[in-house]
Amino acid sequence: MTSTDPTPSRVLVLNSGSSSVKYQLLDMADSARLAVGLVERIGEETSRLVHTPLTGGDKRELTGPIADHAAALKAVSEELAKDGLGLDSPELAAIGHRVVHGGLKFSAPTVITEEVMAEIERLVPVAPLHNPANITGIRTAQSLRPDLPQVAVFDTAFHTTMPEHAARYAIDVETADAHRIRRYGFHGTSHAYVSRETAKLLGKDPSEVNVIVLHLGNGASASAVRGGVCVDTSMGLTPLEGLVMGTRSGDLDPAVIFHLERVAGMSTDEIDTLLNKKSGLVGLCGDNDMREIRRRIDEGDRRAALAFDIYIHRLKKYIGAYYAVLGKVDAVAFTAGVGENAAPVREAAVLGLEELGLAVDGELNAVRSDAPRLISPEYARVAVAVVPTDEELEIATQAYALVRSGA
Ligand code: ADP
């Protein structure tokens, strides 16, 4: 590169699932998004790539077989190249990868080396659905641009600060340690970003505020953040623990599993599928989309109403629990698909909590906006906020800061 070349400032963010890749290309000189897209149904005949350039030009959709992740990334690269944003560009500074499980070793974004890959691989037994897909995504990106720093940003990283009394399950210590069983927590990139943005909304430094973050998407988790540091979170060894989710049960008596084995004759895999894919809102009422559930409630559907009530009851229990964990709460922040869009969820979650200083203003709560905003009345002691999450921006920011620091 000559001295007249600009400093590379673009970061490609990749979120690789088992049969999908979501991507965003950002320019960190001004945090602008240049392109977003996804490839889904990789390995099937009906794969689909949806690419949206944000620098001008129309959204494009390609259908037809895409055999594997390598073919998917190649197709993405070709689409980006059509907009003059190809992966061979010298302006690309790094590729940032969302990696779901970083165990206890990774408490910060990390430049990927072979040792890092070996550790991500070692964590496959505790993240069998996610880490293999992340590994495939990284290997593919490395083969496309071997010269470029690849950075792993871990979903678990923000939660590594949890004190042991919050992270350890009350089971035999030797057994737990032998199998690395403890609470790790997930959605950490979102909890980190949203807790920081909430402090900003209050005009304070993150170190000055205690925040309960409620990340309510299809997956859902709560966290207690004291002075910018996570002290508890609702997901555990896997993302199954905690809140009622779209398709996951969240908390339940572990003896339900023995009962299903002994009395219902179900296999471990069948129970795994039941609790991860056929439970939560979908198990309770057949729908996991909160829009559809609200529509059914408006039509008088009692199953949908019960599913909603169970969802809210669990949410309220976690707000109460984390209030107690933190002692003093400055803000409760709602985020992700449900948290950002479903006003009735926000209203119901804090209903009756006025004695805790929590309330929602009906008019403010009804406002639709992409901006972080307060929805509590002025008199409320605790701020209630809607703070849109942006995991891709956070991954790009962290990856870029790391490569710029020369680490
Ligand atoms: P994930 O990233 O976990 O797949 P999202 O954060 O995108 O999930 O959230 C998806 C969920 O958000 C949907 O399943 C739906 O329940 C909810 N959702 C999205 N838009 C709305 C809306 N306008 N009103 C209510 N719920 C919504």
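From a predicted model like this one, the values you see are computed outputs, not experimental measurements. (Residues numbered from 1 in each chain as written. Predicted model: local features only at pLDDT ≥ 70, side-chain atom pairs only at ≥ 80, totals over all residues. Heavy atoms only, no water.)

**A word on the UniProt feature "site: Transition state stabilizer" (unreviewed entry) in the chain**
Where we set the bar: UniProt positions are given in the numbering used here, feature names are shortened, and annotations may be inferred rather than shown by experiment. To qualify as a helix, a DSSP run of H or I must reach at least 4 residues; to qualify as a strand, a run of E must reach at least 2; elements of each kind are numbered from the N terminus. Contacts: residue pairs with any heavy atoms within 4.5 Å of one another.
Annotation from UniProt places "site: Transition state stabilizer" (unreviewed entry) at H187 and R248. Counting through the fold element by element, H187 comes out in the loop between α5 (173–178) and α6 (188–201). Setting aside its immediate chain neighbours within four residues, H187 contacts D155, H159, H215, G219, A220, S221 and M235. Inspection of the secondary structure assignment puts R248 in the loop between β11 (229–233) and α7 (255–262). Here R248 is in contact with G219, M235, P239, L240, L243, L275, N276, S279 and G280, once residues within four sequence places are set aside.

**Observations regarding the site of the ligand**
Counted only if it meets this: Near residues are defined by distance, with any heavy atom within 4 Å of the molecule or strand qualifying the residue. Side-chain atoms alone can form a polar contact between residues adjacent in sequence; in general such a contact is a pair of N or O atoms within 3.5 Å, and within protein one must be able to donate a hydrogen while the other accepts it. To be clear on the numbers: accessible area is Shrake-Rupley with a 1.4 Å probe, and residue cover counts the displayed protein chains and nothing else. Each residue receives one of three labels: charged for Asp, Glu, Lys and Arg, nonpolar for Ala, Val, Leu, Ile, Met, Phe, Trp, Tyr, Cys and Pro, and polar for the others, Gly being one of them.
Not every one of the 13 residues close to the ligand is listed here, only the nearest: N218, M290, R291, G337 and N341. A distance of 3.4 Å is found between an oxygen atom of the ligand and a backbone nitrogen or oxygen belonging to G219. R291 is positioned with one of its side-chain polar atoms (N or O) 3.4 Å from a nitrogen atom of the ligand. Contact with the protein chains removes 66% of the 580 Å² of surface that the ligand exposes when unbound. Only α10 (290–298) and α12 (336–341) provide two or more residues apiece to the shell around the ligand. Of the residues forming the shell around the ligand, the biggest block, four residues, is contributed by α12. For the shell around the ligand, the residue count by class is four nonpolar, six polar and three charged.

**Points about the pairing of strand β2 (residues 21–27)**
What counts here: Residue exposure (1.4 Å probe, protein chains only): buried if accessible area is under 20% of the type maximum, exposed if over 50%, otherwise partly exposed. Only strands joined by at least two bridges in the DSSP assignment are considered to pair.
Within β2, six of the seven residues are buried, which leaves the element mostly enclosed by the surrounding structure. Summarising the sheet, strand β1 (residues 10–16) and β2 pair through seven bridges and their orientation is antiparallel. Its bridge partner lying in β2, S16 is registered against V21. What sits between β1 and β2 in their antiparallel hairpin is a turn of four residues. Sheet topology note: the β2/strand β3 (residues 32–40) ladder contains seven bridges and is antiparallel. Paired with Y23 across the two strands is G37, which belongs to β3. The antiparallel pairing of β2 with β3 creates a hairpin that spans four residues between the two strands, and S31 there sits at a positive phi of about 55°.

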